[in-house]
Amino acid sequence: MNRNLKAIKWFINTQLLGKWYSVAYATFKVTSHCNLRCTFCNPSYYSGTLQEVGTEQLKKIIDNLRSTVVVLSFEGGEPTTRPDILELLEYAHDGSFYVMLTTNGYKLNDPDFLSKLADRIDFLHYSIDEYHWNVKAFDTLCKFREYGLKVNVQTVVTRYNIDKLEDKVRKVKECGYKILLMPAVDYPDSRVKLAPDREKYFEVLSYLKRKYGSTLNNSWGFIRAVGGELPKKLTSYAITVYPNGDLPYPDDVNGEIIGNLTRNRLEDLLASRRADELRRKMLEDEARYEYLHLQTASFNSLRDLAEYVKEMGKWAFTGRA
Ligand code: SF4
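Residues numbered from 1 in each chain as written. Predicted model: local features only at pLDDT ≥ 70, side-chain atom pairs only at ≥ 80, totals over all residues. Heavy atoms only, no water.

Where an unreviewed UniProt entry is consulted, the protein appears under the name Radical SAM protein, with the organism given as Metallosphaera prunae. Under the Cofactor (unreviewed entry) heading, UniProt states for the protein: "[4Fe-4S] cluster". (UniProt positions renumbered as here; feature names shortened; annotations may be inferred.)

Encoded structure:
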């Protein structure tokens, strides 16, 4: 089904028919190998310890996601370490998803790779910050315009860099891109605690959103939720999928594996009793403050949803944030 029709179907399912477990966004972790070892990262995402399946099995998982997911984000680990990444992106990019690739820039100096990438994705998510040791990338950021790539810079906000974000936002605005300021997550086994103070994070996001508008990809709905104004219906429309198809639910930090997408239909897993119990548990603990849950739950407000669609539509059609 065409991605825009699917978005309408998702809206009808969740807002009119009460199927509030439908998902619109999937983070697909296609590998657990990475060329970096970032301080805040869960080691299982760079050590290769998560089991990975081959190209054909990954395509099967993509087909399973096609039934409901509107936005499919290829992540890792570092997804470009997979030799078949371009083939997988091409397979997904048939009009049934908005396709994103999240990368630390591992292959972004290769012009041939960039040209091929431009035909296979809708948005490039480029992780740039002190913790990826690549802040110099801000100096040459505008070069991706030559390839027609729409870039969303992703910067991890920690308690240590939270006062140094404005310069980055300004550079992104100069290129007509967007920037998403993601809060660091303290995993239970994190070596150091980096997550920013929530109140301070709210203040900084509010200031930058007022000043730089749609350059900041964090929506007002999300920012208000961080400030304590939680959406009326607090649910999540996002899932994470592991490189072997396992589905940790409701997310990879707080969830448990409820099935495998090489064998189980996504819609059946989401409608299962165990998934329902885990969603309820999520509402009782800190999982409700996870970025993807808050961002997608804010779509339950028509005002926030309309504002988000307007910003993304402008970017998709004009190429500038
Ligand atoms: S680049 Fe991403 S996947 Fe790799 S170590 Fe850093 S945070 Fe983890």
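From this point, things continue past the structure.
## Quick look at the sheet that holds strand E3 (residues 98–103)
The parallel open sheet is built from seven strands, whose spatial order is E6-E5-E4-E3-E2-E1-E7. Two strands in the sheet have a free side with no partner beyond their single neighbour: strand E6 (178–183) and strand E7 (238–241). For this sheet the average axis-to-axis angle between neighbouring strands, irrespective of direction, equals 20°. In terms of strand pairing, strand E1 (residues 25–29) meets E7 through four bridges, oriented parallel. For Tyr 25, the partnering residue across the bridge sits in E7 and is Ala 238. Those strands touched by helix H3 (residues 85–92) are strand E2 (71–75) and E3, and its axis lies near 175° from that of E2. (Pairing = 2+ DSSP bridges. Helix = DSSP H or I, 4+ residues; strand = E, 2+ residues; numbered from the N terminus. Axes fitted to C-alpha atoms, helices over the stretch in contact; angles between N-to-C directions. Contact = heavy atoms within 4.5 Å.)

## Looking at the packing of H3 against helix H4 (residues 111–118)
Contact geometry of H3 with H4 gives a least axis separation of 10 Å together with a crossing angle of 15°. Relative to H4, the element H3 lies roughly parallel. Where H3 crosses over H4, the handedness of that crossing is left-handed. Two secondary-structure elements touch here, H3 through Ile 85, Leu 86 and Leu 89 and H4 through Phe 113, Lys 116 and Leu 117. Among the residues making up the contact of H3 with H4, the classes are represented as five nonpolar, no polar and one charged. (Parallel < 35°, antiparallel > 145°, perpendicular 65-115°, else oblique. Left-handed = near helix turned anticlockwise from the far one by under 90°. Nonpolar A, V, L, I, M, F, W, Y, C, P; charged D, E, K, R; others polar.)

## Focus on the packing of helix H2 (residues 55–65) against H3
The contact between H2 and H3 brings their axes to 10 Å, and the two run at 25°. As the angle between them shows, H2 and H3 are arranged roughly parallel. Between H2 and H3 the crossing geometry is right-handed. For the pair H2 and H3, the contacting residues are Thr 55, Glu 56, Leu 58, Lys 59, Ile 62 and Asp 63 in the first and Glu 87, Leu 88, Tyr 91 and Ala 92 in the second.

## A look at the pairing of strand E9 (residues 256–260)
Strand direction decides the pairing type here: strand E8 (residues 246–249) and E9, joined by three bridges, are antiparallel. Along E9, the bridge assignment pairs Tyr 249 with Glu 256.

## Thoughts on the side chain of Thr 31
On the secondary structure map, Thr 31 appears in the loop between E1 and H2. A polar side-chain atom of Thr 31 sits 2.6 Å from a polar atom in the side chain of Glu 52. Apart from residues lying up to four places away in sequence, Thr 31 is in contact with Glu 52, Glu 75, Gly 76, Gly 77, Glu 78, Pro 79, Thr 81, Arg 82 and Pro 243. (Polar contact = N/O pair within 3.5 Å; in protein donor to acceptor, adjacent residues only side chain to side chain.)

## A look at the site of the ligand
Surveying the vicinity of the ligand reveals the residues Cys 34, Leu 36, Arg 37, Cys 38, Phe 40, Cys 41, Tyr 46, Gly 77, Asn 104 and His 132. Its residues assigned to classes, the shell around the ligand comprises six nonpolar, three polar and one charged. (Near = heavy atom within 4 Å.)

## What to know about the nonpolar core
Burial of nonpolar side chains together is a common tendency in soluble globular proteins. Core analysis: the biggest nonpolar cluster contains 68 residues, and Phe 28, Leu 65, Phe 74, Leu 141 and Ile 239 have the highest contact counts within it. In this view, Leu 141 contacts Tyr 126, Ile 128, Val 153, Val 172, Cys 175 and Tyr 177; residues no more than four positions away in its chain are not counted. Core analysis: the second largest hydrophobic core is formed by nine residues, Val 70, Phe 123, Ala 238 and Ala 321 among them. (Core = buried A, V, L, I, M, F, W, Y, C linked by side-chain atoms within 4.5 Å. Buried < 20%, exposed > 50% of the residue type's maximum accessible area, 1.4 Å probe, protein only.)

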